[in-house]
Amino acid sequence: MQKISSERPALSLSQLNGLIKSAILDTLPDQYWVVAEIADLKLNQKGHCYLELVEKEGNAAIAQIKANIWAYEYRSIGNRFLKATNEPLKQGMKILFLASLLFHEVYGLSLNIKDIDPTYTMGEMARKKKEVLDRLRREGLIDRNKALELPLVPQRIAVISSPTAAGYGDFFNHLDNNPYGYSFVHTLFPALMQGQDAEGSILKALAAIRKQKSACDLVVIIRGGGSVIDLNCFDGYPLAAEVANFPLPVITGIGHQKDDTVVDIAAHTKMKTPTAVAEFLISGMRSFEENILGLENRIVTSVEELLRDERQSLISFAQRLSLLPIRLAAVHRNRLMIISRDIQGRVKQLMQHEQNRLTRAEQAIRHLDPALVLRRGYSITTLKGKILRDAALLKSGMLIETQLQNGTVTSIVQSGKEIRKSAKEQRTDLLPGFEGA
Amino acid sequence: MPKNKELTYSQALKELEKIVTDIESEEVDIDILAEKIKRASQILTFCKGKLRTAEDEVKKVLAEMGDKADTEAADEE
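Residues numbered from 1 in each chain as written. Chains lettered and ligands numbered in written order. Predicted model: local features only at pLDDT ≥ 70, side-chain atom pairs only at ≥ 80, totals over all residues.

### Structural notes on the overall build of chain A
Helix and strand counts for chain A come out as 10 helices and 14 strands. Taking all 437 residues of chain A together, the buried fraction comes to 25%. Put simply, 65% of the contacts in chain A that link residues at least 6 apart link residues at least 24 apart. (Helix = DSSP H or I, 4+ residues; strand = E, 2+ residues; numbered from the N terminus. Buried ≥ 20, exposed ≤ 12 C-beta atoms within 10 Å, placed from the backbone. Contact = placed C-beta atoms within 7 Å.)

Written as structure tokens, this is what we have:
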């Protein structure tokens, strides 16, 4: 020990700190597993990690200490932690770590972290997440947004995202260049999609949409597909509850492969990536169009059927009509034939009748032939060349000529008294044959 | 029957479905049929058009809302 000018013996600060250092190393020489919360975390340019560790009771710190992870170890510890939890080491996390004590004469007491067990933090995160989910369930919120009906046509879309987020461009490209040519009306409500302020920022965007909800069909929350880290902001109660309670269906495309975030679970529909959300919306439009195209087809089919039936009945009617004249003509031809046959018959009959009459007349006439009469024994007497019908015209001594069948006799009249009577009888005999005519 | 401009998708769909049911029931008179087909065709054209050309009106409203949200977000920063 060095003597200093004063009477009292005194230590230099470095001597004291040296004492402290050796005391600590003597008493606490080992490495210890410790649980603590990260109150602050910084990386310097060399890649060393400096932390502020606390233990809290409520909001008050009941213990606090500085810690560091040297760059050489931080690289492997940090990567392993990120791989396991999908989150980087950051403020607010509870960690289980292996550390030894360091005492530096200038910087004082600190912990040097040699290892971190990520399973503790994962369990811690899972426990917190489960708490939030349990609360949402208890409050009946978990399925509230799912109970909303998706719009018939998801055309007017409110998008919550950050223009700097990966997948943001993909989403709009995919939506606007859809193969069917559908036109979407999408409006961006910008928000931070990662980091401490993300939750509040997304809540603000939702509030802005809520004011204009009648102008939107649904809400889409999208974030890049590439990065899987830093999803804490989607596991908190306030945002999940607002999403669950939102009056429009909320579709998420937060882009991660592992467990769903609480917001995913509370949302109406969860998609893996922004592109998948775009596909989902396009399929919604397509589904409506297919629906109406199906109706169109049914109309066309029915109308064609109806028209075919109508045409068919028209055709058969026309056929019946076209047959009608033929049938009518046949009927008339028949009647004509009958009539003409009738007429022919009658004419024949009439001719026959006339023929008969003629024949009879001929016969009658033949009966009257003077030659025949003469043959039957009658004779014709003439007086001075005229036929004599009245005996009273005769006087004795008159010369008359009598024609017989064969030859003529000339006689001289003696008396004419008896002749009148016989002349009358002669006449009656001459008449038959004319009566039938 | 609402005019096309005021027709919503769900109204359009309902009306189309009604027309289809009417036509398929085969109780529709052939003269009325023509009218129904004409109306169906109008609705179909309207819907197909609306799917592809979102109304400017809506776009304007939403754009305004977007601007507002933009400025609000900017104010925060």
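Structure's up, so let's keep going.
### A closer look at the overall build of chain B
Of the regular secondary structure elements, chain B holds three helices and zero strands. In chain B, the order of α-helices and β-strands from amino to carboxyl end is α-α-α. Within chain B, the fraction of its 77 residues that count as buried is 17%.

### Topic: the sheet that holds strand 1 (residues 31-43) of chain A
Residues and elements named next belong to chain A. Strand order in the closed barrel made by the five strands is 1-2-3-5-4, with mixed pairing throughout. On average, each strand axis in the sheet is tilted by 60° relative to the strand beside it, whichever way the strands run. Relative to strand 3 (residues 60-69), strand 2 (residues 49-57) runs antiparallel, the two sharing nine bridges. Bridge pairing in strand 3 links Cys49 to Ile69. Contacts from helix 2 (residues 71-85) reach strand 2, strand 3 and strand 5 (108-117) within the one sheet, and its direction differs from that of strand 5 by about 50°. (Pairing = 2+ DSSP bridges. Axes fitted to C-alpha atoms, helices over the stretch in contact; angles between N-to-C directions.)

### Describing the sheet that holds strand 14 (residues 408-412) of chain A
Residue and element names in this part refer to chain A. With respect to topology, four strands assemble into an open sheet ordered 12-11-13-14, the strand pairing being antiparallel. Every interior strand has two partners, whereas the edge strands, strand 12 (386-387) and strand 14, have only one. Here strand 11 (residues 380-383) pairs with strand 13 (residues 399-403) via four bridges, running antiparallel. Across the sheet, residue Thr382 finds its bridge partner in strand 13, namely Glu401.

### Some points on the confidence of the model for chain A
Residue and element names in this part refer to chain A. Averaged over chain A, the pLDDT score is 87; the fraction of residues at 70 or greater is 91%. Here residues 419-426 is a poorly scored stretch, pLDDT under 50, and it has six contacts once near neighbours within four places are set aside; other chains count. When the criterion is pLDDT under 50, residues 428-437 qualifies, and its contacts beyond four places in sequence or with other chains add up to 10 contacts. (pLDDT = per-residue confidence, 0-100.)

### Structural notes on the packing of helix 2 of chain A against helix 3 (residues 118-138) of chain A
All names here are of chain A. Packing of helix 2 against helix 3 brings their axes to within 9 Å, and their N-to-C directions diverge by 35°. In the crossing of helix 2 with helix 3, the sense of the turn from one axis to the other is right-handed. Two secondary-structure elements touch here, helix 2 through Arg80, Phe81, Ala84 and Thr85 and helix 3 through Pro118, Thr121, Met122 and Met125. (Left-handed = near helix turned anticlockwise from the far one by under 90°.)

### Concerning the interface of chain A and chain B
Taken together, the contacts link 31 residues of chain A with 33 residues of chain B. The set of elements that each furnish at least two residues to the side of chain A that touches chain B consists of strand 7 (185-190), helix 5 (198-211) and helix 8 (274-368) of chain A. In terms of residue count, helix 8 of chain A provides more of the side of chain A that touches chain B than any other element does, 13 residues in total.

### Looking at helix 3 of chain A
Residues and elements named next belong to chain A. The terminal C-alpha atoms of helix 3 lie 30 Å apart, and with 21 residues this matches the ideal 30 Å at 1.5 Å per residue to within 8%. Inspection of helix 3 places Thr121, Met125, Lys129, Val132 and Leu136 among the buried residues, and these make up the whole buried set. End-on, the buried residues of helix 3 take up no more than an arc of 65°, which puts them together on one face. Facing away from the buried side of helix 3 by more than 90 degrees, the exposed set consists of Thr119, Arg127, Lys130, Glu131, Asp134, Arg137 and Arg138. Structurally, helix 3 contributes buried residues whose contacts are with helix 2, strand 4 (94-104), helix 6 (237-245) and helix 7 (262-266). Following helix 3 by one or two positions, Gly140 has its phi on the positive side, about 70°. (Expected span 1.5 Å × (residues − 1). Arc of directions from axis to C-beta.)

### Considerations on the confidence of the model for chain B
Residue and element names in this part refer to chain B. Chain-level pLDDT for chain B is 75 on average; 62% of the residues reach the 70-or-more range. Here helix 3 (residues 56-76) stands out as the least confident element of chain B, with mean pLDDT 54; helix 1 (residues 9-24) is the most confident, with 90. In the predicted structure, residues 73-77 sits below a pLDDT of 50 and forms one contact with residues beyond four places in sequence or in another chain. Reported confidences for the modelled complex are a pTM of 0.64 and an ipTM of 0.75.

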